[in-house]
Amino acid sequence: MTKWYFYHTYGLHLASEIELPELRAADATREAEVTMALAALPETLEGAEVQGSYLQVAGDQCQVNVGNIARYRIEQGRRIWVDPAPDAAPGDVRLYLLGTALGALLHQRHTLPLHVSAVATPGGVWAFTGESGAGKSTLAAALHYHFGWPLLSDDVGVIEPDESGRPLFHPGPPRLKLWQDALTHFAIDPSGLIPDQTRLNKFHLPLARGFEPAPRRLRALVVLERAEDDEPPSLIPLKGMLSFQAVAGAIYRPEMAFLVGERAMLFRQCADLASRIKVYRYRRPWLLTMVTGSLQPLFKQFFELQR
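Conventions adopted
- Residues numbered from 1 in each chain as written.
- Predicted model: local features only at pLDDT ≥ 70, side-chain atom pairs only at ≥ 80, totals over all residues.
- Heavy atoms only, no water.
- Helix = DSSP H or I, 4+ residues; strand = E, 2+ residues; numbered from the N terminus.
- Contact = heavy atoms within 4.5 Å.
- 1 Å grid on protein atoms, 1.4 Å probe; cavity = no way out; pocket = protein on both sides within 12 Å on 5 of 7 lines; lining within 4 Å.
- Points joined across faces, edges and corners; volume = space filled by probe spheres on them.
- Pairing = 2+ DSSP bridges.
- Expected span 1.5 Å × (residues − 1).
- Buried < 20%, exposed > 50% of the residue type's maximum accessible area, 1.4 Å probe, protein only.
- Core = buried A, V, L, I, M, F, W, Y, C linked by side-chain atoms within 4.5 Å.
- Salt bridge = Lys/Arg side-chain N within 4 Å of Asp/Glu carboxyl O.
- Axes fitted to C-alpha atoms, helices over the stretch in contact; angles between N-to-C directions.
- Parallel < 35°, antiparallel > 145°, perpendicular 65-115°, else oblique.
- Left-handed = near helix turned anticlockwise from the far one by under 90°.
- Nonpolar A, V, L, I, M, F, W, Y, C, P; charged D, E, K, R; others polar.

**Some remarks on the overall build of the chain**
The number of helices and strands found in the chain is seven helices and 21 strands. The long-range fraction of contacts in the chain, counting pairs at least 24 apart against all pairs at least 6 apart in sequence, stands at 62%.

This is how it looks when you write it as structure tokens:
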């Protein structure tokens, strides 16, 4: 008899044949909205349009092939089949299952997954986005470790409206990804941490405490930009098309979103979110030693939204 493990993430109740220590355990008596199970998968999804070297899409199905790790077939926003490679490390299989494969499923469900780090500030949930290396995780870590504010997500969070249309932010796996220099800056011992498979000197920190598991209302999205070391930090409100572009630019795996989701619906979701939250561009020096010293523009808005 198959043993099932039950988890909760991104607002979804999951039943998995694969044990997933990265996720929060959930009630086994509740009906699962998503199942993850092992299966032998062919290399090609029948009738699929092949996108690049790893993604195949056919209607409400898609398949992700990650060489020497696993094949993942995602169906109808409800199922993920996993076919691990013979010598693949279990941690690598889970990494892509909880990343790319689960991201495809979120797009199939027509939710709005954003590539952000998010913190519960005194002014509500603030999410930080930007290009790779912009410091999303480092900024979230600074607000968490220096001020004790709960983390909601690092890497991806899902936006869904409540009954009144207000955007709720559903947290992802309770982990934080930091570069080696950031670990040193925050005095975090890297022993036993999980190395990131796609980046050298970056590590995953599974956190049992400090993460807020419940969905909360999203109040602001902040696009991070690099300033010169002698340039004062600034927080600039974005309106109209600029705010829409900031939200659209934060979509997780946009190339996948447009293939497995509905483009028009996705743009409507972005426009609606941009109209309901504050959107800013935050320019600050990227030196680790200047992270906390550059927070004054953010703090002013945190506490103004608290009123």
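After presenting the structure, the write-up continues.
**Details of empty space enclosed by the protein**
Evaluated as defined, the whole model comprises three cavities of 30 Å³ or more. Taken as a whole, the largest cavity holds about 80 Å³ of empty space. When contributions to the lining of the largest cavity are tallied by element, the ones reaching two or more residues are α1 (90-108) and β13 (151-154). Ranked by residues supplied to the lining of the largest cavity, first place goes to α1 with five residues.

**Focus: the sheet that holds strand β3 (residues 24-25)**
With mixed pairing, nine strands are arranged side by side in an open sheet as β3-β1-β2-β4-β9-β8-β7-β6-β5. The open sheet terminates on both sides in strands that have one partner only, identified here as β3 and β5 (49-51). The sheet contact formed by β5 and strand β6 (residues 55-58) spans three bridges and is antiparallel. In the strand pairing of β6, Val50 is matched with Gln56.

**A closer look at helix α2 (residues 136-147)**
Across its twelve residues, α2 extends 16 Å between first and last C-alpha, which sits within 8% of the 16 Å expected from 1.5 Å per residue. Among the twelve residues in α2, nine count as buried, and that is most of the element. Those residues of α2 that fall on the buried side of the exposure criterion are Lys136, Ser137, Thr138, Leu139, Ala140, Ala141, Ala142, Leu143 and His144. Gly148 occupies a position one or two residues after α2 and carries a positive phi of about 75°.

**Quick word on the nonpolar core**
Core analysis: the largest hydrophobic core is formed by 36 residues, its most contacted members being Leu20, Tyr72, Ile74, Ile80, Val82 and Leu97. Elements supplying a minimum of two residues to this core: β2 (12-16), β4 (34-38), β6, β7 (61-66), β8 (70-75), β9 (79-84), α1 and α5 (254-260). Sorting elements by how many residues they give to this core places α1 first, with nine residues. Excluding its chain neighbours within four sequence positions, the residues that come into contact with Tyr72 are Leu41, Cys62, Gln63, Val64, Val66, Trp81, Val82, Asp92, Val93, Tyr96, Leu97 and Ala101. The next biggest cluster of nonpolar side chains, apart from the first, holds 26 residues, and it includes Leu112, Val116, Ala127 and Ala248.

**A word on the pairing of strand β15 (residues 167-170)**
Here strand β14 (residues 157-161) pairs with β15 via four bridges, running antiparallel. Bridge pairing links Val158 to His170 in β15. Here β14 hands over to β15 after five residues, with Gly165 in that stretch at a positive phi of 90°. Relative to strand β19 (residues 216-226), β15 runs antiparallel, the two being bridged by two bridges. In the strand pairing of β19, Leu168 is matched with Arg217.

**Some words on the pattern of salt bridges**
Using the criterion set out here, one finds eight salt bridges in the structure. The closest approach of N and O atoms between Arg79 and Glu75, which form a salt bridge, is 3.1 Å. The partly exposed category is assigned to Arg79, whose relative accessible area is 24%. Arg283 serves as the salt-bridge partner of Glu225, at 3.3 Å between the closest nitrogen and oxygen. Taken together, the positions of Glu225 in strand β19 and Arg283 in strand β21 (residues 278-284) put the pair 58 residues apart, joining distant regions of the chain. Glu225 gets classed as partly exposed once you look at its relative accessible area, which sits at 26%. Since its relative accessible area comes to 21%, Arg283 is described here as partly exposed. Several salt bridges share partner residues, and in doing so they unite Glu225, Glu231, Arg281 and Arg283 into one network.

**Side note on the packing of helix α4 (residues 240-249) against helix α6 (residues 263-276)**
The packing of two helices is summarised by the inter-axis angle and the distance between the axes. One way to put it is that α4 packs onto α6 with a least axis distance of 9 Å and a crossing angle of 125°. In terms of axis orientation, α4 runs oblique to α6. Remark: the crossing between α4 and α6 carries right-handed chirality. For the pair α4 and α6, contact is made by Ser243, Phe244, Val247 and Ala248 and by Phe267, Cys270, Ala271, Leu273 and Ala274, respectively. Of the residues assigned to the contact of α4 with α6, the class counts are eight nonpolar, one polar and no charged.

**Description of the pairing of β19**
Pairing analysis gives five bridges linking strand β12 (residues 124-129) to β19, with the strands arranged parallel. When the sheet's bridge partners are listed, Thr129 is paired in β19 with Val223. Pairing of β19 with β21, which is carried by seven bridges, proceeds in the parallel orientation. Bridged to Val223 within β21 is Arg281.

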